[in-house]
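# Survey of secondary and tertiary structure
The chain contents come next:
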Amino acid sequence: MEVNCLKEKLEKFNQVHLLRFWDKISDQEKSTLFKDILELDLQEVTSYFAKSLISIKANRESLDSKIQPIPENIFESIYSSTEEKLEQYELTGLKEISEGRVAILLLAGGQGTRLGVNYPKGMYDVGLPSHSTLFRLQALRIRKLQELAEEKFKKHGQITWYIMTSEATHETTLVYFEKNDYFGLKKENIRAFKQEMLPCFTFDGKIILDEKYHISKAPDGNGGLYRALKMQGILENMTKRGINSVHVFSVDNILVKVADPVFLGFCLSRSADCGVKVVPKRSPNEAVGVVCQVEGQYRVVEYSEITSTTAELRNNDGELVFNAGNICNHYFTLDFLCAVGNEHEGELDLHVAKKKIPYVNEKGIKVIPTSPNGIKVEKFVFDVFKFAKNFAVWETIRECEFSALKNPDVAGFDCPSTVRKDLMSLQKKWLINAGALSVNGDVEISPLLSYAGENLEKMSKGKHIHGPVVLSSHL
């Protein structure tokens, strides 16, 4: 091994400490460490640390004097839209689907660590009568949506499902889909790909070793999507498939309307290259980012970046000035994604998370810190908004489209109990709207029966429905 050449390279970037245990590890371990270091673009990753210091400083500064609300001309709300307009948007979206021009891009790199499990969050069973996981619910919604588009336009367009995983979730995700026969979807229309990993740093810029022979790494955040799309051939695959519209969202939203035809139609009608779906904030100080403008650029500002005074500002009609709550639900054209991957990816903002990162100390002993001792550098999916030439914002109803699974039940919010309750409540409304006299107990509607509340009159009108039961297309 050309260890001396490697040492010279590391010295150039002030990282020679990575070889401190070289003489004390086995040949196999040397090979592992050598490979780890060679895979790093040291110039790039060390520049990330330098940029992260700027990010830390920027995050300490309030944005109150720079933040502006979304301009009215790029914003539209389901609350003020007419039935005719919503129907037109839906038809436009279904037509795009029928022509096979739609892809779903699922952000699924996270493990269920906060939930208390060690497997991909998409495999989590929240306790529905069907015991459906998040992956299964989304797969069945895709199947139903393809069916609805074909019924409307007599043309069978298939939605391509791309799933961004991570080192920790990739193989488990692949095995899970194969074991479940891809939930009735065609294997060739589902493609999983891994986001990249970035080294973790000490506060003084040293790359951390989590073993004597292994570098500590973490996923590069959901904004790592754009590099992964290019590096792993996904953009090329989309081009070959004739994809135009890409719907991007996070795996943890149990209510997500995958490839929502209304949202697609809205963005297409405005020729948007980049669109975002938002919900009204529950309160001025809800811990959620808001879509807005900062110095003329569209972006998401976190609740911690503005003061309560700014967060509480209201319009003359009493609504919050900064009310567009971000729910990680985006529309991109393929042309836009290609432009980001080929021209702008290196310009993405970097975000810093101070974390408790296990490390090997100078004596070679593994240490599990009790307080933050280093940083993980991340990119965020929404930081491409500033590159949009035609940005559009669609406001929807939280109770119909957003309920996130993040915590164990003991937290009391964003947990299995709350997301299960939110799904059941929504589907109960569907049944009542379709003419059911009453709905009692846990009544679940299979996505194969209804994507968004349609096709329920026959089984519900004038009836009392009792759970636990799963209403499916077979009843």
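Located above this text is the structure these notes cover.
Tallying secondary structure elements over the chain gives 14 helices and 24 strands in all. On C-alpha atoms alone, the chain measures out to a radius of gyration of 24 Å, which is about the 23 Å that the 2.2 N^0.38 rule sets for 475 residues. Structurally, the chain occupies a C-alpha span of about 80 × 55 × 45 Å along its principal axes. Considering the chain as a whole, with its 475 residues, one finds that 53% of them fall into the buried category. Restricting to contacts in the chain with at least 6 residues of sequence separation, those with at least 24 account for 75%.

Right, let's get into the packing of helix α4 (residues 83-98) against helix α5 (residues 134-153). One way to put it is that α4 packs onto α5 with a least axis distance of 8 Å and a crossing angle of 100°. Considering the angle they form, α4 stands roughly perpendicular to α5. Packed against α4, whose contacting residues are L91, L94, K95, I97 and S98, the element α5 presents L145, L148, A149, K152 and F153 at the interface.

This part covers the layout of surface pockets. If you add up the space inside the second largest pocket, you get close to 1000 Å³. Around the second largest pocket, the lining is made up of 38 residues, and of these E90, K257, A452, G453 and E454 lie nearest the centre. Every element with two or more residues in the lining of the second largest pocket is listed here: α4, α5, α9 (261-269), α12 (398-401) and α13 (416-433). Considering only residue class, the lining of the second largest pocket consists of 21 nonpolar, 5 polar and 12 charged.

It is worth spelling out the pattern of salt bridges at this point. In the structure shown here, the tally under the stated rule is 23 salt bridges. Among the salt bridges present, the one from K217 reaches D36, with a minimum N-O distance of 3.9 Å. Remark: D36 occurs in helix α2 (residues 27-38) and K217 occurs in strand β10 (residues 217-219); sequence separation between them is 181 residues. Residue K217 is classed as partly exposed on the basis of its relative accessible area of 26%. Here D36 falls in the buried class, since its relative accessible area comes to 8%. Here E96 and R101 are joined by a salt bridge, their closest N and O atoms 3.2 Å apart. The exposure class of R101 is partly exposed, given its relative accessible area of 29%.

With that out of the way, let us pick up the sheet that holds strand β7 (residues 201-202). Taken together, 3 strands build an open sheet; the order of strands is β7-β19-β16 and the sheet is antiparallel. In the strand order of this sheet, the two ends are held by β7 and β16 (351-355), each with one partner. Note that β16 and strand β19 (residues 374-378) share 5 bridges and pair antiparallel. In the sheet register, H351 faces β19, and the bridge partner there is E378.

As a further point, take the pairing of strand β5 (residues 190-194). Where strand β4 (residues 160-165) lies against β5, 5 bridges are found, and the strand directions are parallel. In the sheet register, W161 faces β5, and the bridge partner there is I190. Once the chain exits β4 it traverses helix α6 (residues 170-179) before rejoining the sheet at β5, and the crossover so formed is right-handed.

We now examine unusual backbone geometry. At the junction of G467 and P468, the peptide bond is cis and its omega measures out at 5° in the coordinates. Mapped onto the secondary structure, P468 falls in the loop between β23 (464-466) and β24 (469-471). In this model, D181 sits at a positive phi of 55°, which is unusual for a non-glycine residue. For S271, which is not glycine, the phi dihedral falls at a positive 55°. Tracing the backbone through its elements, the reader meets S271 in the loop between α9 and β12 (274-280). Given the relative accessible area of 56%, S271 is considered exposed.

Quick notes on the rules
Residues numbered from 1 in each chain as written. Predicted model: local features only at pLDDT ≥ 70, side-chain atom pairs only at ≥ 80, totals over all residues. Heavy atoms only, no water. Helix = DSSP H or I, 4+ residues; strand = E, 2+ residues; numbered from the N terminus. Rg over C-alpha atoms; globule rule 2.2 N^0.38 Å. Buried < 20%, exposed > 50% of the residue type's maximum accessible area, 1.4 Å probe, protein only. Contact = heavy atoms within 4.5 Å. Axes fitted to C-alpha atoms, helices over the stretch in contact; angles between N-to-C directions. Parallel < 35°, antiparallel > 145°, perpendicular 65-115°, else oblique. 1 Å grid on protein atoms, 1.4 Å probe; cavity = no way out; pocket = protein on both sides within 12 Å on 5 of 7 lines; lining within 4 Å. Points joined across faces, edges and corners; volume = space filled by probe spheres on them. Nonpolar A, V, L, I, M, F, W, Y, C, P; charged D, E, K, R; others polar. Salt bridge = Lys/Arg side-chain N within 4 Å of Asp/Glu carboxyl O. Pairing = 2+ DSSP bridges. Right-handed = clockwise from strand over helix to strand, strands pointing away.

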